Amino acid sequence: MRMVDLIEKKRDGNQYTKEEIDFIIQGYTDETIPDYQMSAWAMAIYFQGMASEETAFLTDAIVRSGETIDLSAIHGIKVDKHSTGGVGDTTTIVLAPLVACLGVPVAKMSGRGLGHTGGTIDKLESIPGFSVELTNNKFIDLVNKNKVAVIGQTKNLTPADKKLYSLRDVTATVNSIPLIASSIMSKKLASGADAIVLDVKTGAGAFMKELDETKKLAEAMVNIGRDLGKKTSAIISDMTQPLGYAIGNALEVKEAIDTLKGEGPEDLTELCLTLGSHMVVLAEKANSLDEARKKLVQAITSGEALEHLKIFIEAQQGDSSVVDNPEKLPEAKYKVNINAEKEGYISSIVADKIGTAAMMIGAGRATKSSTIDLAVGIELRKKIGDKVFDGDSLAVIHGNEVPLDSYIKRIKEAFIISEKQVDKPQLIYDIIAE
Ligand code: URA
Ligand code: CA
């Protein structure tokens with residue numbers, strides 16, 4: 001086989017065999033296929049697309065390019081939840097203890113934040129003492145014992161994806177549905193899950209801004225799961241505004257605690273119940289979504305989910321007294337209000353602008369090597385649809401340095417106030433399951 005012939009094949013709109021895709025991914029991983037040919041290949045995929053079968057072959061080839069995690073020593077059906085990335089998205093910290101207390105094993109690998117989106121690992125590290133570095137044996141033991149453990153990402157998974165993603169970044173080929181779908185699913189499959197629940201975000205703060213494109217991406221990922229024998233469900237959820245009210249690491253942990261107490265924001269709570277129901281059903285701990293939801297609500301009202309959060313934190317050396325005393329979480333020195341300058345209804349809170357402002361305050365990383373401040377962030381006081389009067393607080397900056405005009409301006413610009421009454425945005429747009 002010659003790479004040049006394979007590039008031509010896709011350029012002309014033809015379909016690859018499994019052997020051809022293996023040849024491309026293996027060759028790119030072991031560097032017998034150079035970046036310039038892979039760039040042309042990615043552009044051919046960008047324009048010609050891939051059939052569902054080819055996308056599954058591609059995903060499988062990427063999984064086999066590196067190590068895979070073996071979770072077979074964990075009892076039960078391991079269901080992983082993955083979000084395509086949003087602003088203020090605290091669902092993992094709510095869901096992990098919540099579904100675990102219903103017996104669903106949560107063996108989660110999470111990432112750190114980059115750019116305008118946050119990462120679960122950083123958020124958990126705002127709990128004093130919390131360690132995300134566990135040996136594989138310890139990780140598996142904890143999941144068997146408590147049904148929950150969260151660790152940072154292992155370096156050697158899906159090397160082909162790392163190379164290809166960087167290449168796509170500089171060749172204008174990121175935005176291709178088969179390439180995105182295979183990239184995301186390869187990482188999930190390599191981490192050893194038996195079933196996957198995807199939270200595919202749509203709107204201004206999301207990677208996919210248009211609903212019809214988001215649906216295509218969700219369908220492509222569910223098809224990959226089906227073709228590779230992993231049950232997969234995708235929930236398409238709103239990211240036109242940040243999720244909940246808190247954006248920033250410790251602030252979001254506090255919000256997750258509130259949610260497990262049954263006192264969390266409406267949208268965050270609803271999204272967790274929806275994602276959680278799908279996780280519980282896929283793990284065969286309930287026979288229907290309704291039954292699963294009832295059990296989740298019951299776990300919150302009885303306090304069992306909150307107790308399970310304490311168990312989870314303690315098992316990873318964290319100080320679980322933050323659950324009852326959230327003031328023990330890192331707190332910022334300054335709190336500065338951003339006020340409305342006219343009366344009306346909030347029609348938009350542009351999520352990526354808020355996410356970028358939170359990053360500039362210090363809650364996120366501009367580059368992979370930036371340091372972050374776990375205490376700082378933004379607390380929204382209003383959400384889309386709320387009525388505001390001139391002078392009302394729209395948001396509060398939690399900062400450790402004197403606030404700068406650059407991000408104050410950005411936060412102000414993110415809030416659009418209209419004279420006409422505005423409805424709350426829909427939270428769940430669609431659910432795609434096999
Ligand atoms: N996230 C990924 O992991 N891969 C993509 O290609 C796009 C978003
Ligand atoms: Ca939030």
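These numbers come from a predicted model, not from an experiment.

## Focus: helix α4 (residues 52-63)
If you check α4, its first and last C-alpha atoms are 17 Å apart, about what 12 residues at 1.5 Å a residue would give, namely 16 Å. Residues of α4 that are buried: Glu54, Thr55, Ala56, Leu58, Thr59, Ala61, Ile62 and Val63. Of the surrounding elements, those touching the buried residues of α4 are α1 (3-11), α2 (18-29), α3 (35-48), α8 (159-169), α9 (177-190) and α10 (211-227).

## Considering empty space enclosed by the protein
Over the atoms, a rolling probe the size of a water molecule traces out where space has been left empty. One pass over the full model with this rule turns up three cavities of 30 Å³ or more. Approximately 130 Å³ is the volume attributed to the largest cavity. The wall of the largest cavity is formed by 19 residues, among which Thr117, Gly118, Ile247, Ala363 and Gly364 lie closest to the centre. Looking at the lining of the largest cavity element by element, the count peaks at three residues for helix α15 (residues 351-361). Among the residues forming the lining of the largest cavity, the class breakdown is five nonpolar, 11 polar and three charged.

## Focus on the layout of surface pockets
By volume, the second largest pocket is sized at about 340 Å³. In this structure, the second largest pocket is lined by 18 residues; those nearest its centre are Leu251, Lys254, Glu255, Glu379 and His398. At five residues, the largest contribution of residues to the lining of the second largest pocket is made by helix α11 (residues 249-260). Among the residues making up the lining of the second largest pocket, the classes are represented as eight nonpolar, two polar and eight charged.

## Let's talk about the site of ligand 1
Around ligand 1, the neighbouring residues are Tyr165, Arg168, Ile180, Ser183, Ile184, Lys187 and Phe207. Note that a nitrogen atom of ligand 1 is positioned 3.4 Å from one of the side-chain N or O atoms of Tyr165. Here Ser183 contributes a side-chain N or O atom positioned 2.6 Å from a nitrogen atom of ligand 1. When ligand 1 sits alone it has 240 Å² of accessible area, and the protein chains cover 86% of it. Secondary-structure elements contributing two or more residues to the shell around ligand 1 are α8 and α9.

## A look at the side chain of Glu54
Residue placement: Glu54 occurs in helix α4. Taking the relative accessible area as the measure of exposure, Glu54 reaches 1% and is therefore buried. Engagement of the side chain of Glu54 in a polar contact is seen with the backbone nitrogen of Ala51, the distance being 2.8 Å. Residues within four places of Glu54 in sequence aside, it is in contact with Lys10, Asn14, Gln15, Tyr16 and Ile21.

## Looking at the coordination of the calcium ion (ligand 2)
Protein coordination at the calcium ion (ligand 2) comes from Gly88 (O), Leu243 (O), Ala246 (O) and Glu255 (OE), with a distance range of 2.2 to 2.5 Å. Positions of the donor residues of the calcium ion (ligand 2) along the chain correspond to the pattern G-x154-L-x2-A-x8-E. We classify Ala246 as buried; its relative accessible area is 7%.

## Some thoughts on the sheet that holds strand β11 (residues 393-399)
Across the sheet, which stays open at both edges, the four strands sit in the order β6-β9-β11-β7 with antiparallel pairing between neighbours. With partners counted over all chains shown, the strands left at the sheet margins are β6 (246-247) and β7 (334-339), one partner each. Sheet topology note: the β6/strand β9 (residues 377-380) ladder contains two bridges and is antiparallel. The residue of β9 that forms the bridge with Ala246 is Glu379.

## Quick notes on the environment of Ala56
As for its position among the elements, Ala56 is in helix α4. In this structure, Ala56 is in contact with Ile224, Asp227 and Leu228, ignoring residues within four places of it in sequence.

Reading the values: the criteria
As a convention, each chain's residues are numbered from 1 in the sequence order in which they are written. Each chain is given a letter, starting from A, and each ligand a number, starting from 1, according to the order in which they appear as written. Owing to the predicted nature of the model, reporting of local features is limited to residues with pLDDT of at least 70; listing and counting of side-chain atom pairs is limited to 80 or more, with chain, interface and lining totals taken over all residues. The side-chain figures draw on all heavy atoms in the structure; neither hydrogens nor water molecules are used. Secondary structure elements are defined from DSSP: runs of H or I of at least 4 residues count as helices, runs of E of at least 2 residues count as strands, and each element is numbered from the N terminus. Each helix should span, by expectation, one fewer than its residue count multiplied by 1.5 Å. Relative accessible area decides the class of each residue, using a 1.4 Å probe on protein chains only: under 20% of the type maximum gives buried, over 50% gives exposed, and in between gives partly exposed. For this analysis, residues touch if any pair of their heavy atoms sits within 4.5 Å. Throughout, the protein atoms alone are placed on a 1 Å grid, and a set of points is a cavity if a 1.4 Å probe fits but cannot get out or a pocket if it is open with protein on both sides within 12 Å along at least five of seven lines; lining residues have an atom within 4 Å of a point. Grid points are joined across faces, edges and corners, and a volume is the space filled by probe spheres set on the points. Polar here means any residue outside two lists: the nonpolar Ala, Val, Leu, Ile, Met, Phe, Trp, Tyr, Cys and Pro, and the charged Asp, Glu, Lys and Arg; Gly therefore counts as polar. Here a residue is near a molecule or strand as soon as one of its heavy atoms is found within 4 Å of it. Definition of a polar contact: a pair of N or O atoms within 3.5 Å, with one able to donate and the other able to accept a hydrogen when the atoms are protein atoms, and with sequence-neighbouring residues admitted only if both atoms are side-chain atoms. Each accessible area value is a Shrake-Rupley result obtained with a 1.4 Å probe; residue values ignore everything except the protein chains displayed when judging cover. Any N, O or S atom lying within 2.8 Å of the metal counts as a donor, with the limit raised to 3.2 Å for Na, K and Ca; because water is left out of the atom set, some sites can appear incomplete. When DSSP locates at least two bridges between a pair of strands, those strands are taken to pair.

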